[in-house]
Amino acid sequence: MTVQTFQGFLLTRNWRDTRGGIELEYWFATDSDPLCVMVRGERSVFFLEQDELGQAGNLLETESGVEVKPVNLRDFRLAPVAGIYCRSYRQARRLADTLRGLGLNPLEADINPADRFLMERFVTGSAVLHGETRQLGRHILMDNPALKAGEYRPALKVVSCDIETAMEGLQLYSIGVHGVAAGHQTRRVFMVGAGAEQDFVQTCSSQEEALQAFLDWLEEYDPDVLIGWNVVNFDIWYLQRLADQLGRRLVLGRDRRAVHWRELDDDGERRTAQCPGRVILDGIELLRAAFYRFESFALDNVAKELLGEGKLLHGSGRGEEITVLFQQDKTRLADYNLRDCELVSEIFAHTAMLDFAIARTVMTGLNIDRMGGSVASFDNLYLPRLHRQGYVAPNASTDHTASPGGFVLDSTPGLYDHVLVLDFKSLYPSIIRTFCIDPLGLALGTGQESGGDLVPGNTVEGFLEARFARQGHILPQLIEQLWLQRDAAKQAGDAPLSQAIKIIMNSFYGVLGTPGCRFFDTRLASSITLRGHQILNRTRDYIERAGHRVIYGDTDSVFVWIQEAQNDSQAVAAGKELEVDLNSWWRQTIQTEFGLDSVLEVEFETHYQRFLMPTVRGSDKGSKKRYAGVVATAQGKQLVFKGLENVRTDWTRLAREFQEELYRRIFMHEPFEDYVRELT
């Protein structure tokens, strides 16, 4: 054995109970071989109020392998807690359930040991690992290393894969793969049956031989990531069913480890596939996570929109055509199969999706293949900081009272010249920072009722009788840190990281308003949204006192009609002046009323040269979240639509094109009556 230090990026994590304690397994990508890290002899821990230990005493004393230890921590009732350490995670979960049955309240019993181990070391994606190693085939094994957070960014080895099959039954035709590593392109199609003429085709005598050839190739090529289009719920799931039919394991993981499946819905239609040491990423899910929008997420449509080219076969009869090609022209089928793989590779490269996925993992600590997970990412970021402050987290509340949503001002319908949009930059994160809104801060701020030492002068008043501690909170500083990191990412031109941070920051309000979150409290979410309502109303009042007219407002934006503007330059000057004046006024107002430094920031975002706020159908009332306008860009005048029919895929293309052309003519002062007559 040799002692080495590695920089690694986390690919997969797992845990298992053993007789010697809990065993944690982590796979990392490194600059050399893949690294498998084994941490042995761990224990699972949860917490219990010290006052409840007496009632739980007999149970804890008779349970083998359980140790009760004093810890310097308190819960959100500001009561001291003890740590309950168990030899296995299953034992900890069972014991916690029994304690709940006794009317007690075990805390943080749901955090699995593989997550807790990383979380408490602030490891979110990248790590520095130091310890004894040995080479085991294609990977390196490291036992019980020293591990700490790192800043390593990997160059992951990626393969795009796609299968072609019969439309019914389990009949595999071919498996295509495409990868680029170290500037070298790999192209391969494993075809059932002879007939294809290309050099990249490997002819196989049966489905089983094709599957085995693919698995052997995967072991040899050894990618970190498999990508595809609906790759988990179609391609990999199809191969799993085929493997089951053949009576064999689908060994897609490193070291020829099998796939582990987990269903995500009751119907079993959506599932995840985990492979030790290797990640499977679906292009559709990843684009959605990055807030891409397409009329259709079909590969052909997305490729045409992003790349300007599509699949080699088109149309609704493509399935039957694939079968005909398999029977009559395997050369064309191989080209088609490989081209689908190449399109996915090109889409990932064009959108920098892998960079986004890596950045998201680095920021949240979630596995790179986990989509969604806002609550889990909040836990990863918040819990270790909470523990350092001397507190443990509560369990999810049974109170599911909804908090108010974003505020929408009534609109004034009409066709306008010179409408400005003034937008509060990241309003909800700014409110959290400015008004000290924080789960721990709420517990401390209201804690005087149960023996805490804070007085009203040391707190900030929220809504629904909430009070937040001015000191000792966590979330405002966490958002400030993320904010600075995003600014740095923007300056460095790191768009994927900037986008990942933006999504994380904007998710915090939603998490705090989600009953499934352990920190859910109606007072938290309401103190954000109701403060937003107040800010929007008072902003409108200020603007109208300045002599302008607010014709609409939505959550974090106000739409201002500059009635006196005679041209674009006057309207733009008015927008810049309002931006400066509003920011100054809000700083003074918040300092005067709360004694706080404001980080609210108003931006003059858009100048609509012409703007239409329509009415609700069958009414003279103005609509909400539906409008259109024209703005000047470097490429000329551009139409902008929000919520109208031309951006809705449930309307026909003709109806959408008609509306867009009609609005264009109206905005550009062009005749439109004859156009309407021609199409109606």
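Thresholds, definitions, all that
Residues numbered from 1 in each chain as written. Predicted model: local features only at pLDDT ≥ 70, side-chain atom pairs only at ≥ 80, totals over all residues. Heavy atoms only, no water. Buried < 20%, exposed > 50% of the residue type's maximum accessible area, 1.4 Å probe, protein only. Helix = DSSP H or I, 4+ residues; strand = E, 2+ residues; numbered from the N terminus. Arc of directions from axis to C-beta. Contact = heavy atoms within 4.5 Å. Phe/Tyr/Trp six-rings, centres within 6.5 Å; stacked < 30°, edge-to-face > 60°. Axes fitted to C-alpha atoms, helices over the stretch in contact; angles between N-to-C directions. Parallel < 35°, antiparallel > 145°, perpendicular 65-115°, else oblique. Left-handed = near helix turned anticlockwise from the far one by under 90°. Core = buried A, V, L, I, M, F, W, Y, C linked by side-chain atoms within 4.5 Å. Pairing = 2+ DSSP bridges. Expected span 1.5 Å × (residues − 1).

Engineer: Describe helix H7 (residues 299-307), naming the residues involved and giving the relevant values.
Structural biologist: Within the span of H7, buried status applies to Leu299, Asp300, Val302, Ala303 and Leu306. Seen along its axis, H7 keeps its buried residues to an arc of 165°; they face one direction. The elements touched by buried residues of H7 are helix H6 (283-289) and helix H9 (330-351).

Engineer: Tell me what's going on with the packing of aromatic side chains, and back it up with residues and numbers.
Structural biologist: Within this structure, the stated rule accounts for 26 aromatic pairs. Seen in terms of ring centroids, Phe378 and Phe519 are 5.8 Å apart; in terms of plane orientation they differ by 65°. Their pairing is edge-to-face. Here Phe519 lies in the loop between helix H15 (495-512) and helix H16 (522-545) and Phe378 lies in helix H11 (residues 374-388), a separation of 141 residues in the sequence. Phe519 gets classed as buried once you look at its relative accessible area, which sits at 4%. Each ring, one from Phe435 and one from Phe594, has its centre 5.2 Å from the other, and the planes form 80°; the classification is edge-to-face. Here Phe594 lies in helix H17 (residues 568-594) and Phe435 lies in the loop between helix H12 (427-434) and helix H13 (439-445), a separation of 159 residues in the sequence. The same class applies to Phe435 and to Phe594, which are both buried.

Engineer: Talk me through the packing of H11 against helix H14 (residues 475-491); I want residue IDs and the actual numbers.
Structural biologist: Look at H11 against H14: their axes get within 11 Å of each other, and the N-to-C directions meet at 120°. Looking at the two axes, H11 sits oblique to H14. Relative to H14, the crossing made by H11 is right-handed. Facing Phe378, Leu381, Tyr382 and Arg385 of H11, the residues of H14 in contact are Leu475, Leu478 and Gln481.

Engineer: Please provide a residue-by-residue account of the nonpolar core, values included.
Structural biologist: Core analysis: the largest hydrophobic core is formed by 107 residues, its most contacted members being Leu156, Leu386, Leu422, Phe435, Leu475, Phe508 and Phe519. No other element matches the 9 residues that H15 contributes to this core. Not counting chain neighbours up to four residues away, the residues in contact with Phe435 comprise Val460, Phe468, Arg531, Ile535, Ile590, Phe594 and Leu596. Listed in part, the 49 residues of the second largest apolar core include Ala166, Trp217, Leu333 and Leu338.

Engineer: Lay out the pairing of strand S6 (residues 80-86) in plain terms, naming residues and giving numbers.
Structural biologist: Among the 7 residues of S6, 6 are classified as buried, and the element is accordingly described as predominantly covered. Strand direction decides the pairing type here: strand S4 (residues 44-49) and S6, joined by 6 bridges, are antiparallel. Note on S6: the bridge partner recorded for Phe47 is Gly83. Sheet topology note: the strand S5 (residues 66-74)/S6 ladder contains 6 bridges and is antiparallel. Among the inter-strand pairings, Glu67 is bridged to a residue of S6, identified as Tyr85.

Engineer: Provide a residue-level description of the sheet that holds S5, including the pertinent values.
Structural biologist: Here we have 3 strands laid out as an open sheet, ordered S4-S6-S5, and antiparallel in their pairing. At either margin of the open sheet sits one strand with a lone partner, and together these are S4 and S5. This sheet shows a mean twist of 30° between the axes of neighbouring strands, independent of strand direction. Set on the sheet, helix H2 (residues 89-101) makes contact with S4, S5 and S6; between it and S4 the angle comes to about 20°.

Engineer: Let's hear about H17: which residues, and what values?
Structural biologist: Taking 1.5 Å as the rise per residue, H17 with 27 residues should run 39 Å; its terminal C-alpha atoms sit 38 Å apart, in good agreement. Turning to H17, its buried residues are Ala571, Ala574, Gly575, Leu578, Leu582, Asn583, Trp585, Trp586, Thr589, Ile590 and Phe594. At its buried positions, H17 is contacted by strand S19 (414-424), H12, strand S20 (459-461), H16, strand S23 (557-561) and strand S24 (602-613).

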